[in-house]
Amino acid sequence: MIDPGSSAISLGDDSWLTDIDVCVARGRSDAVLSRLLAAERHGVPAINRAPAVAAVVDKAGMAVALESAGITTPPTTLGTPAQLAADLPSHLYPVIVKPIRGDNCRGLAICESADAVGRIAPSEEPMLAQPFLRSDGTDLKLYAVGETVWAVRKPSPLPGDLLPWATAPPLTEATPIELTDELRELALRCGELFGLELFGVDCLVSATGPVVIEVNEFPNYTGVPDADAALADHVLAAVLRPVHMEVLA
């Protein structure tokens, strides 16, 4: 176990990688990504790779990639709070506004009007705005370990005061549901798009099918009872991948 925040690393010294066969990144901080990238440059295989993690940390880039790939997502607008307040069409409200490098619902705001968007703390950094899809207070989560995918319904992570119109959630904890071919294909498309091996896809279910809200690396696998074994098997497979061997007769 390596804590990237505990010490500095010298780019010319790879002694910290002694006896390490594979790196598994559980985090998305700049310190984690820097050390992971250094490990990869020294030939140590990584799960997930640094570029794949970085691709989903940046919500703006992620939204562009999803839209370009033809994956169903909410219409997305990028801009500062002042720009969004001035330029968002009225028919898109209510909107959810979030920082492009936010995590775990930090910095989210659900705004019913341009005035509400304008009251978000001024920022020179762009934010991401999407129409807020009203739901019953539950989300659909697709979890993947390599080619293995699970579907789970779980209560929305948004605080209750951000969901004034939601009905009472019918679920109090994550509950596995049937994985359809459509959902499995959607998850694998998202993983392939960003080059992820361990990932989750946050969705809402609309009348026309699942809508992808975002993709994230190495989720908690909440509600997946056999996730520990699947993760261990996947990492061991990476370490033990067959190498070329000559068999002497």
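Everything quoted here is computed from the prediction, not taken from an experiment.

Draft legend 1. Region of the structure containing the packing of aromatic side chains. Enumeration according to the criterion identifies three aromatic pairs in this entry. An angle of 35° between the planes, with centres 5.4 Å apart, marks the rings of Y143 and Y221 as tilted. With Y143 in strand β7 (residues 138-145) and Y221 in the loop between β11 (209-217) and α7 (227-239), this pair connects stretches of sequence that are 78 residues apart. Residue classification places Y221 among the buried positions, given a relative accessible area of 5%. Between F218 and Y221, the ring centres sit 6.3 Å apart and the planes meet at 70°, which makes this aromatic pair edge-to-face. Ring-pair connections join several aromatic residues into one group, and the members of that group are Y143, W150, F218 and Y221. It is R26 that lies over the ring of F218; its NZ or CZ is 4.7 Å from the centre. In this structure, R35 packs its charged tip against the face of W16, placed 4.9 Å from the ring centre.

Draft legend 2. Broad picture of the packing of helix α3 (residues 59-68) against helix α6 (residues 181-194). Two numbers describe how α3 lies on α6: the axes approach to 11 Å, and their chain directions differ by 120°. Relative to α6, the element α3 lies oblique. Read as a crossing pair, α3 and α6 show a hand that is right-handed. Each of M62, A65 and L66 in α3 lies in contact with α6, whose residues at this interface are C190, L193 and F194.

Draft legend 3. Representation of the state of the cysteines in the model. Applying the stated criterion across every chain yields a total of zero disulfides. Free cysteine C203: the closest other cysteine sulfur is in C190, separated by 6.9 Å.

Draft legend 4. Broad picture of the pattern of salt bridges. Per the counting criterion, the structure on display carries six salt bridges. The shortest N-O distance in the salt bridge between E40 and R49 comes to 2.9 Å. Among the ionic contacts, a cluster of salt bridges with common partners joins K59, K98 and E214.

Draft legend 5. Structural context of the side chain of K59. Of note, K59 is situated in helix α3. Among the residues examined, K59 registers a relative accessible area of 6% and is labelled buried. For K59, the side chain forms a polar contact with the side chain of E214, separated by 3.2 Å.

Draft legend 6. Spatial organisation of the pairing of strand β10 (residues 198-206). Extensive coverage of β10 is indicated by the burial of seven of its nine residues. Across six bridges, the pairing between β7 and β10 is antiparallel. Counted as the bridge partner of V145 is L198 from β10. Direction of pairing for β10 relative to β11: antiparallel, over a ladder of eight bridges. The partner of S206 across the bridge, within β11, is G209.

Draft legend 7. The nonpolar core, seen in detail. In terms of nonpolar packing, the biggest core is built from 22 residues, with L66, L142, C190, V201, V212 and V215 touching the most fellow members. Among the secondary structure elements, those contributing two or more residues to this core are α2 (50-57), α3, β7, β8 (148-155), α6, β10 and β11. Counting residues per element, this core draws most heavily on α6, at six residues. Setting aside residues up to four positions removed in sequence, L142 forms contacts with W150, A151, L183, L186, A187, F199, G200, V201 and C203. Ranked by size, the runner-up nonpolar core spans 16 residues in total, among them Y143, F218, V224 and A238.

Definitions and cut-offs
Residues numbered from 1 in each chain as written. Predicted model: local features only at pLDDT ≥ 70, side-chain atom pairs only at ≥ 80, totals over all residues. Heavy atoms only, no water. Phe/Tyr/Trp six-rings, centres within 6.5 Å; stacked < 30°, edge-to-face > 60°. Helix = DSSP H or I, 4+ residues; strand = E, 2+ residues; numbered from the N terminus. Buried < 20%, exposed > 50% of the residue type's maximum accessible area, 1.4 Å probe, protein only. Lys NZ or Arg CZ within 6 Å of the ring centre and 35° of its normal. Axes fitted to C-alpha atoms, helices over the stretch in contact; angles between N-to-C directions. Parallel < 35°, antiparallel > 145°, perpendicular 65-115°, else oblique. Left-handed = near helix turned anticlockwise from the far one by under 90°. Contact = heavy atoms within 4.5 Å. Disulfide = S-S within 2.5 Å. Salt bridge = Lys/Arg side-chain N within 4 Å of Asp/Glu carboxyl O. Polar contact = N/O pair within 3.5 Å; in protein donor to acceptor, adjacent residues only side chain to side chain. Pairing = 2+ DSSP bridges. Core = buried A, V, L, I, M, F, W, Y, C linked by side-chain atoms within 4.5 Å.

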